Each structure stands twice: as C-alpha cells, then as structure tokens.
Amino acid sequence: MVESSTRVERTLRLDAPLAEAWEMLLDVPRWGMLFPHVDTIEPMGEGQYLWRMEPLGPPGRKVRVVYACRYDSDEATRTLTWTPVEGVGNAAFAGACAIEPDGAAATVGHLQLDATLQIPVPGFLSAIVHPAVDLEMTRLTAIFAERLTDLMGA
C-alpha cells in the first residue's frame, strides 16, 4: 500500500454575483457532481457528505476512492472549509474555498484542496504513484473549474 498526498491550489473567476456564487458553494452535492468521475455524493448527517468516485487507474489496478468530509461555512468571510471524517473510506480530503466579489456581477474564488490517498500497489511503485497522483488531481481540478465556470456563466 502506498500513501500519496497532494495539494492543488487554484483561482477562478465566475461571471456570477457574489450571492449566487455563495449559494452554489453551499450546495455541496450540486458543485461536487461537477468534479470528474464522481459516482455519488450522499448526506451523512449534519454538514457531512460521503463521496464515492468511479474506479480509476490503469487496467488491473483500478481503485474506487471513497471518503467523507464535514463542511463548515463562514458567511462573514464567504469561506467554505472541509475536513475529513476519520475512519471513512480509503482517502482523506481537506480544503477551503473562499470567494470575493469582482465588481458587481462577478466573483473570484480561491480553492485549496489537500488529498491523501491509499493506493493498493507495492511500495516500490511509490516513485511512480506520487507524480501520477499530483498530475491527475491537478487535471481533474482543472476540469472541475472549467465545468463550474461554464455553469456559472463565465
């Protein structure tokens, strides 16, 4: 088993007023389904969601990533943070997204995503796994950002 951690940071502009962008940010299942390869997002209780991804990876080594996060919002700073729910799944995701107005009709968002994945491969493959996880998380986050900006009218 190889544990691989990565961080993705991204800034994006949405052609939507701050109130509309904030409403979207608080709707975790709605924006979450824009992330590539999401199979399901299920509520687990107050502010918690269980994520199940489609199996990913090369043939014979596909892995279904499963994890849960608790989401907390701060309306004063327009920030949504998420922390892993311990003991659920084979991954841990944490992060934050803060939004601010960009004029009267647009919003800028700053996204930080930290992921730790348990990859069921022999340890000697860690030199290959770590850069592959970094590359794939960056690629998937870019697709998510593109889908979100398309949805929000950018």
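To start, this report covers the structure provided alongside it.

### Some details on the pairing of strand β5 (residues 79-84)
Next, step 1: Alignment of strand β4 (residues 66-74) against β5, held across 6 bridges, turns out to be antiparallel. From the neighbouring strand, S73 faces β5, where its bridge partner is L80.
Next, step 2: In sequence, β4 turns back onto β5 through a hairpin of 4 residues, with R78 there showing a positive phi of about 50°.
Next, step 3: Sheet topology places β5 next to strand β6 (residues 91-101); 4 bridges connect them, and they run antiparallel. Its bridge partner lying in β6, T79 is registered against A98.
Next, step 4: Connecting β5 to the next strand, β6, in antiparallel fashion are 6 residues, including G87 with a positive phi near 80°.

### Section: the sheet that holds strand β1 (residues 2-14)
Next, step 1: Pairing is antiparallel in the open sheet, where 7 strands are placed in the order β1-β7-β6-β5-β4-β3-β2. The sheet terminates laterally at β1 and β2 (38-45), the two strands that pair on one side only. Across the sheet, the mean angle from the axis of one strand to that of its neighbour is 20°, orientation sign disregarded.
Next, step 2: Sheet topology places β2 next to strand β3 (residues 48-53); 6 bridges connect them, and they run antiparallel. Bridged to I41 within β3 is W51.
Next, step 3: Those strands touched by helix α1 (residues 18-26) are β1, β4, β5, β6 and β7 (107-119), and its axis lies near 170° from that of β6.
Next, step 4: Packing against the sheet, helix α3 (residues 126-151) makes contact with β1, β6 and β7, and its axis sits at approximately 25° to β1.

Quick notes on the rules
Residues numbered from 1 in each chain as written. Predicted model: local features only at pLDDT ≥ 70, side-chain atom pairs only at ≥ 80, totals over all residues. Heavy atoms only, no water. Pairing = 2+ DSSP bridges. Helix = DSSP H or I, 4+ residues; strand = E, 2+ residues; numbered from the N terminus. Axes fitted to C-alpha atoms, helices over the stretch in contact; angles between N-to-C directions. Contact = heavy atoms within 4.5 Å.

These values are about where atoms sit, not about what they do.
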